[in-house]
Amino acid sequence: MSLWVLFGVLGGLVALLTVVLVRRGGSRTDTAEGLLIEERARIQAAHDRVSYHSRSVHNAPPNQSDSHQRRR
């Protein structure tokens, strides 16, 4: 009996989440200013993915800001 109650509660949560996500509808920004902000954020995210990728970070030579600099 308690197993059915658990499944019922989980099913209710799934149904509730489905309704919330469907009603939200993935609305996007329609104003020009909002579209420009989204575009800048997308470009910055792409730039960050390239700049801070593991291979590019760990294979770069040490520079002045790294802790590998020589002590005088």
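Calculation criteria
Residues numbered from 1 in each chain as written. Predicted model: local features only at pLDDT ≥ 70, side-chain atom pairs only at ≥ 80, totals over all residues. Heavy atoms only, no water. Helix = DSSP H or I, 4+ residues; strand = E, 2+ residues; numbered from the N terminus. Buried < 20%, exposed > 50% of the residue type's maximum accessible area, 1.4 Å probe, protein only. Areas by Shrake-Rupley, 256 points an atom, 1.4 Å probe, with all protein chains shown as cover. Patch = residues over 30% accessible without salt bridge, like charges linked within 9 Å, V, L, I, M, F, W, Y side chains within 5 Å. Salt bridge = Lys/Arg side-chain N within 4 Å of Asp/Glu carboxyl O. pLDDT = per-residue confidence, 0-100.

Next up on the list: the overall build of the protein chain. Summing up its helical and strand segments, the protein chain has three helices and zero strands in all. When the helices and strands of the protein chain are listed from N to C terminus, the series reads α-α-α. Across the 72 residues in the protein chain, those meeting the buried criterion constitute 1%. As displayed, the protein chain offers around 7200 Å² of accessible surface, 61% of which is attributable to carbon and sulfur atoms.

A cluster of nonpolar side chains, contributed by Met 1, Leu 3, Trp 4, Val 5, Leu 6, Phe 7, Val 9, Leu 10, Leu 13, Leu 16 and Val 20, occupies part of the molecular surface with about 1200 Å² of accessible area. Within the secondary structure layout, Val 9 lies in helix 1 (residues 2–24). Looking at Val 9, the relative accessible area reads 48%, which means it is partly exposed.

The next subject is the confidence of the model for the protein chain. Here the protein chain shows a mean pLDDT of 80. Residues at 70 or above account for 72%. Within the protein chain, helix 1 carries the highest mean pLDDT (92), whereas helix 3 (residues 54–58) carries the lowest (70).

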